[in-house]
Amino acid sequence: MALKGLKVLEFAGLAPGPFCGMLLADFGACVTRIDKTPYNSIDVLQGGKRTLALDLKKPKAIEIVRSLCRKSDVLIEPFRPGVMEKLGLGPSELMRENPRLIYARLTGFGQNGAHAARAGHDINYVALSGILSLLGRKGERPTAPINLAADFAGGGLLCAFGILAAVLERHNSGKGQVVDHAMVEGAAYVGSWLIRSQKLPIWGRPRGENMLDTGVHFYDTFQTKDGKFMSVGAIEPQFYKELLEGLDLQMELPQYEDVEKSKHLFEVIFLTKTRAEWTKIFQDRDACVFPVLEMDEACEYPHNREREVFLDKGKTNDELVPTPAPKLSRTPAQSGALAPEKDELQMVEEILNEVGVGSEDIFKLYEDGSLLLANPKPKL
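Every value quoted in this text rests on a predicted model; they were computed, and no experiment measured them.

Before we move on, could you go through the overall build of the protein chain and cite the residues and values that matter?
The secondary structure content of the protein chain amounts to 15 helices and ten strands. Projecting the C-alpha coordinates of the protein chain onto the three principal axes gives extents of approximately 80 × 50 × 40 Å. Scored against the burial criterion, the 380 residues of the protein chain give a buried share of 43%. Partitioning the contacts of the protein chain with sequence separation of at least 6, the portion at a separation of at least 24 is 61%. Carbon and sulfur atoms make up 55% of the accessible area of the protein chain, which amounts to about 20,900 Å² in all. Of the side-chain charges in the protein chain, 46 are positive and 52 negative, and the distance between the mean point of each set is 5 Å.

Describe the packing of helix α5 (residues 122-129) against helix α6 (residues 148-173), listing the residues and the values that go with them.
At a closest axis distance of 7 Å, the pairing of α5 and α6 adopts a crossing angle of 80°. On the basis of their axis angle, the class for α5 and α6 is roughly perpendicular. Here Asp122, Tyr125 and Val126 of α5 lie close against α6, whose contacting residues are Leu148, Ala149, Ala150 and Asp151. Partitioning the contact of α5 with α6 into residue classes produces five nonpolar, no polar and two charged.

Summarise the pairing of strand β2 (residues 30-35); cite the residues concerned and give the values.
The two faces of the sheet receive side chains in turn, since in a regular strand these alternate between them. Taken across its six residues, β2 has five buried, putting it largely inside the fold. In this sheet, β2 lies alongside strand β1 (residues 7-11) in parallel orientation, the contact comprising five bridges. Bridge pairing in β2 places Phe11 opposite Ile34. This β-α-β element, β1 to helix α1 (residues 16-26) to β2, shows right-handed connectivity. Across four bridges, the pairing between β2 and strand β3 (residues 50-54) is parallel. The residue of β3 that forms the bridge with Asp35 is Ala53.

Would you mind going over helix α9 (residues 237-246) in detail, with residue names and values included?
Within α9 the residues assigned to the buried category are Phe239, Tyr240, Leu243, Leu244 and Gly246. Mapping the buried residues of α9 onto a view down its axis gives an arc of 160°, with all of them on the same face. Among the structural elements, β8 (229-233), α10 (259-270), α11 (275-282) and β9 (289-291) are those in contact with the buried residues of α9. A positive backbone phi angle near 60° is found at Asp248, which sits one or two residues after α9.

Account for the pattern of salt bridges, with residues named and values stated.
Taken as a whole and judged by the stated rule, the model has 24 salt bridges. Its salt-bridge partner being Lys364, residue Glu360 comes within 3.8 Å of it at the nearest N-O pair. Linking Glu360 with Lys364, this pair stays in helix α15 (residues 359-367), spanning four residues, or about one helical turn. Since its relative accessible area comes to 42%, Lys364 is described here as partly exposed. Here the salt bridges share partners, and the residues they tie into one network are Lys7, Arg50, Lys342, Glu350 and Glu354.

Analysis parameters
Residues numbered from 1 in each chain as written. Predicted model: local features only at pLDDT ≥ 70, side-chain atom pairs only at ≥ 80, totals over all residues. Heavy atoms only, no water. Helix = DSSP H or I, 4+ residues; strand = E, 2+ residues; numbered from the N terminus. Buried < 20%, exposed > 50% of the residue type's maximum accessible area, 1.4 Å probe, protein only. Contact = heavy atoms within 4.5 Å. Areas by Shrake-Rupley, 256 points an atom, 1.4 Å probe, with all protein chains shown as cover. Lys, Arg positive; Asp, Glu negative; His and termini not counted. Charge placed at Lys NZ, Arg CZ, Asp CG, Glu CD. Axes fitted to C-alpha atoms, helices over the stretch in contact; angles between N-to-C directions. Parallel < 35°, antiparallel > 145°, perpendicular 65-115°, else oblique. Nonpolar A, V, L, I, M, F, W, Y, C, P; charged D, E, K, R; others polar. Pairing = 2+ DSSP bridges. Right-handed = clockwise from strand over helix to strand, strands pointing away. Arc of directions from axis to C-beta. Salt bridge = Lys/Arg side-chain N within 4 Å of Asp/Glu carboxyl O.

Structural data, given as structure tokens:
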């Protein structure tokens, strides 16, 4: 795979850090996760990674991490500023021992600034980026897009991009560097087009009254007779014409006039047929009209099956797992969900043997509490 040979150390955290590690692992990197507990049921993105649970209050556990860092290309840490320094694992210490190390710090507010030490979550980061103020329907409160914008798009995804940019630069300089990635900045950067297009005619009205924020009848979702929904995105005139024909509207319906009346008309019309019926009507029309699929329907949708947008559920224990994207022609990625589960002890031995820790020393580390195991055995 494309990132084969890249060795990554990921400190366990919430969604954005594991997602960043998952992206690197799916494209071939060897990702070793340093966890606080031997079994982390919350992290659903750990497939394909190796796990080592350590008590970082123990000096021997810290030394293990330092040893792993000497042989790693990338470190990903999701803690507030100063936490890693207190552990003796800050970038100045680790990069002195390994000048090629790329030290990625993935936080909400960054390593400095008035909010650097404060806690926050996706909704807070999107709020401070300005993007949240744009999201929501007319007359309603701003609506957060679950935790997609800051945690995943602006967080884990952009952090992985920053890491790979640093890896590429290292080929020229031979030196690593710190990647200081804040999710407030990431959410703002992902929203670059939204922010920089505010003077275009498509904006200029309050939230929920513009073209792309549900303010018009030709860019919205509509409920169908069976309680399901269709998505409509007929912006261009040729698509709008196809939309009207598909709805069997013989009357002239100007695209940009009296949109509230048109929206009400669309609501009434879409309620006259089921989602399946509307899907059939529009399947051969270039009207930018498609069904809103539920999670369990998305994997069975013909186009998604043809493109293998989701992995075969029979190979993932009936779990719905998206296929890694984008698709590379020569060195395609492979989801960690397909990786066989490793025996805990074998995985621990594999990781520690790489830094010269033998079976006898592993047992001592377990005895003194530095190494944490879910299923300890009498003899290692």
